[in-house]
Amino acid sequence: MAELHFFTGTMDSGKSTLALQTNHNHAARARVGRLFTTHDRAGQAKLSSRLGLTHDALEVARDFDFWRYVVDSLTQGGRIDYLVCDEAQFYTRVQIDQLAKIVDELQIDVFAFGILTDFRTELFEGSARLVELADRMNVLQVEALCWCGKRATHNARTENGVMVVEGEVIVVGDVEAIDQPPADVAYEVLCRQHHRRRLTAARAKAVSLAPEPLPFG
Ligand SMILES: [Zn+2]
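Residues numbered from 1 in each chain as written. Predicted model: local features only at pLDDT ≥ 70, side-chain atom pairs only at ≥ 80, totals over all residues. Heavy atoms only, no water.

**Student:** Summarise the overall build of the protein chain; cite the residues concerned and give the values.
**Tutor:** Helices and strands together make up the secondary structure of the protein chain, namely six helices and eleven strands. Out of the 217 residues belonging to the protein chain, those deemed buried represent 41%. Residue pairs at least 24 apart in sequence account for 74% of intrachain contacts in the protein chain once pairs closer than 6 positions are excluded. Total accessible area on the protein chain stands at roughly 12,000 Å², and carbon and sulfur atoms take up 52% of it. (Helix = DSSP H or I, 4+ residues; strand = E, 2+ residues; numbered from the N terminus. Buried < 20%, exposed > 50% of the residue type's maximum accessible area, 1.4 Å probe, protein only. Contact = heavy atoms within 4.5 Å. Areas by Shrake-Rupley, 256 points an atom, 1.4 Å probe, with all protein chains shown as cover.)

Given below as structure tokens:
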């Protein structure tokens, strides 16, 4: 029986590496798959991991129809045994529903990989739907660490070095305000306590060097 698998973890937990490994394992057993990603760090239509591995992938736009794509491929005589779907947190609710339908109606395995919550600590649209629909959910065991050494469970966004908890979930890099330069956006994984306190590694270092202890909310 085919299943919808959801592998989740924080940003540095090795999801893309596992996505590529999963594809490799199935391809080695002569199974035929398709790889998908969106907003990958390597750019469009590439699935890449922090360890330097990359693989060509199909880019998932907001209006991409997984069901239509798979049905068309099969109708044209193609073979598909499984789908590997990276950056699935960015997929729409409708697209996750399509993946579930592909598993149930076409008996094709789907392996989805994605971050659970965004920098505001709220579930991503795609991840929320995967939590609701997945046959199996796996929290990755390769644990990322906060600067304090605790398990990093939350994703923080900094803009020009300052942690923010509001804003667009997806930052498009080439959008520039006319009257101000684009913010320097970066991400960092933190434990829940330090996410709550907005205490990034840089700020913790600055605080530790400050002469007076600062009050934390
Ligand atoms: Zn911490």
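Here the narrative resumes.
**Student:** Go over unusual backbone geometry with me, naming the residues and quoting the values.
**Tutor:** Unusually for a residue other than glycine, Ala30 sits at a positive phi of about 65°. According to the relative accessible area criterion, Ala30 is exposed, its value standing at 54%. Despite not being glycine, Glu87 shows a phi value in the positive range, around 55°. Inspection of the secondary structure assignment puts Glu87 in the loop between strand S6 (82-85) and helix H3 (93-106).

**Student:** Give me the lowdown on the coordination of the zinc ion, citing residues and values where you can.
**Tutor:** The coordination sphere of the zinc ion, as far as protein atoms go, consists of Cys146 (SG), Cys148 (SG), Cys191 (SG) and His194 (ND1), spread over 2.0 to 2.4 Å. Around the zinc ion, the four donor atoms are arranged such that angles at the metal cover 96 to 117°; this shape is classified as tetrahedral. Each donor residue of the zinc ion lies on the same chain, and together they follow the pattern C-x1-C-x42-C-x2-H. Here the residue Cys148 occupies a position in the loop between strand S8 (136-139) and strand S9 (154-159), and His194 occupies one in helix H5 (residues 192-196), the gap between them amounting to 46 residues. (Donors = N, O, S within 2.8 Å, 3.2 Å for Na, K, Ca; no water. Tetrahedral: all angles 85-135°; square planar, octahedral: opposite > 155°, others 65-115°.)

**Student:** Provide a residue-level description of the packing of H3 against helix H4 (residues 125-133), including the pertinent values.
**Tutor:** Running from N to C, H3 and H4 cross one another at 35°; their axes reach a closest spacing of 8 Å. The way H3 lies across H4 gives a crossing that is right-handed. Contacts from Arg93, Ile96, Asp97 and Ala100 in H3 reach Glu125, Gly126, Arg129, Leu130, Glu132 and Leu133 in H4. Within the contact of H3 with H4, the residues separate by chemical class into four nonpolar, one polar and five charged. (Axes fitted to C-alpha atoms, helices over the stretch in contact; angles between N-to-C directions. Left-handed = near helix turned anticlockwise from the far one by under 90°. Nonpolar A, V, L, I, M, F, W, Y, C, P; charged D, E, K, R; others polar.)

**Student:** Explain a nonpolar patch on the surface to me, and be specific about the residues and the numbers.
**Tutor:** Nonpolar side chains collect at one region of the surface, where Leu123, Val131, Met137 and Val139 lie side by side and expose about 330 Å² of accessible area between them. Considering the arrangement of structural elements, one finds Val131 in helix H4. Among the residues examined, Val131 registers a relative accessible area of 38% and is labelled partly exposed. (Patch = residues over 30% accessible without salt bridge, like charges linked within 9 Å, V, L, I, M, F, W, Y side chains within 5 Å. Salt bridge = Lys/Arg side-chain N within 4 Å of Asp/Glu carboxyl O.)

**Student:** Explain the pattern of salt bridges to me, using residue names and the numbers behind them.
**Tutor:** In the structure shown here, the tally under the stated rule is twelve salt bridges. In this structure, the salt-bridge partner of Arg62 is Glu125, at a minimum N-O distance of 3.8 Å. Here Arg62, found in the loop between strand S5 (58-59) and helix H2 (66-75), pairs with Glu125, found in helix H4; they are 63 residues apart in sequence, far enough to count as distant. On the basis of relative accessible area, Arg62 is assigned to the exposed category, the value being 52%. Judged by its relative accessible area of 40%, Glu125 falls in the partly exposed class. For the salt bridge of Arg120 with Glu122, the shortest nitrogen-to-oxygen distance reads 3.4 Å. Overlapping salt bridges bring together Arg93, Asp97, Arg129 and Glu132 as one network.

**Student:** Residues and numbers for the sheet that holds strand S1 (residues 4-9), please.
**Tutor:** The sheet built from six strands is open, its strands ordered S5-S2-S6-S7-S1-S8 with parallel pairing. Where the open sheet ends on each side, the last strands, each with one partner, are S5 and S8. Taken together, the six bridges between S1 and strand S7 (residues 109-115) define a ladder with parallel strand orientation. Counted as the bridge partner of Phe6 is Ala112 from S7. Against the sheet, H3 engages S1, S6 and S7, with an angle of about 160° to S6. Relative to S1, H4 is tilted by about 130°, and along the sheet it contacts S1, S7 and S8. (Pairing = 2+ DSSP bridges.)

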